[in-house]
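Examining the three-dimensional arrangement
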Amino acid sequence: MRRLGKERRGGSGDDLVTRLVTPNADGEALTFQEAGSFFILPVAAGNETTRNAIAHALRLFTEFPEQRRLLMADFEGRIAGAVEEVVRHSTPVIHFRRNVTRDCELNGAPLKKGDMVVLLCSSANRDEAVFTDPDAFDITRSPDPHVGFGGPGPHYCLGVHLARREVTVMLRKLFTRLPDIRATGDPDRLASSFSNGIKRLPFDFTPPAPDA
Ligand code: HEM
């Protein structure tokens, strides 16, 4: 991005990069550094998260076959709840950090300006004060007030609608074109405190043997 930005700043092209790094009528433009960060967001935030959510979905629907039967009995009616529950149960983004900008108190804990705090999304998504039987994967959970797409506020996932659509389309295609697709072993997990990633997940889509 830095290289592209340098090449295109001030150019006459009508492409996105030129627009972002060339001052507009008000003299505003992104720095090369800002343009880089701007692109990391949709590329990393919108890629890892969604594909991990989809891999987790295959794992979860294999582990909880009754939930899969429930989904397939009324796919269009239940997929929206299923996507939310996949994101809650798997929580593809484990945590985010915040800097405290003013002295305040959160749930009785005093916080000082300059403190760093961590939002543990995985923990919040299994909060037994909020979710009944939080370890259960239940696609009919309603309401499902998870924080898998971030907490309320300005940093709430910008790509949430695209993410929901991607997971929906993928599961619709996968489960109708390959109705026997299932995970056949444990996932090879990414060693990360940030991304609940799956590096590899063995699977099969041939019909199981009759006595299996
Ligand atoms: C299942 C898929 C996804 C999950 C679980 C997810 C999760 C999250 C979370 C937890 C945050 C909050 C970050 C914070 O609190 O600072 C966030 C922010 C964000 N997400 Fe997603 N995301 C997903 C898909 C996407 C997609 C598809 C895109 C774009 C193509 C995207 C773009 C963003 C961006 C740009 C932000 C930053 C918003 C801001 O700080 O203003 N995400 N996402």
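Refer to the preceding data block for the structure.
Just so you know, the residues in each chain are numbered from 1, in the order the chain's sequence is written. Since the coordinates come from a predicted model, pLDDT governs what is reported: local features require at least 70, and pairs of side-chain atoms require 80 or more to be given and counted, while whole-chain, interface and lining totals use all residues. Side-chain figures throughout are based on the complete set of non-hydrogen atoms in the structure, without hydrogens or water.

Some words on the coordination of the iron atom of the ligand
- Donor atoms: N, O and S within 2.8 Å of the metal, or within 3.2 Å for Na, K and Ca. Because water is excluded, sites can look incomplete. A lone protein donor binds the iron atom of the ligand: Cys-157 (SG), at 2.3 Å.
- Along the chain, Cys-157 turns up in the loop between helix H7 (121-124) and helix H8 (160-177). Runs of E in the DSSP output that reach at least two residues are strands. Runs of H or I that reach at least four are helices, and both are numbered from the N terminus.

Here's the deal with the packing of aromatic side chains
- Within 6.5 Å between ring centres, the rings of Phe, Tyr and Trp (the latter by its six-membered ring) count as paired, and their orientation is classed by plane angle as stacked under 30 degrees, edge-to-face over 60, tilted in between. Tallied over the full model, the rule gives 6 aromatic pairs.
- Here Phe-38 and Phe-39 contribute two aromatic rings whose centre-to-centre distance is 5.7 Å and whose plane-to-plane angle is 70°, an arrangement assigned as edge-to-face.
- Phe-38 gets classed as partly exposed once you look at its relative accessible area, which sits at 40%.
- Between Phe-61 and Phe-137, the ring centres sit 5.2 Å apart and the planes meet at 80°, which makes this aromatic pair edge-to-face. Of this pair, Phe-61 sits in helix H4 (residues 48-63) while Phe-137 sits in the loop between H7 and H8, and the two are 76 residues apart along the sequence.
- Each residue's exposure class comes from its accessible area (1.4 Å probe, protein chains only) as a fraction of the maximum for that residue type: buried when under 20%, exposed when over 50%, partly exposed otherwise. What makes Phe-61 buried here is its relative accessible area of 1%.
- Whether a charge lies above a ring is judged from NZ of Lys or CZ of Arg, which has to be within 6 Å of the ring centre and within 35 degrees of the ring normal. Sitting above the plane of the Phe-175 ring, Arg-68 keeps its charged end 4.1 Å from the centroid.
- A cation over a ring is seen here: Arg-88 above Phe-131, with NZ or CZ 5.0 Å from the ring centre.

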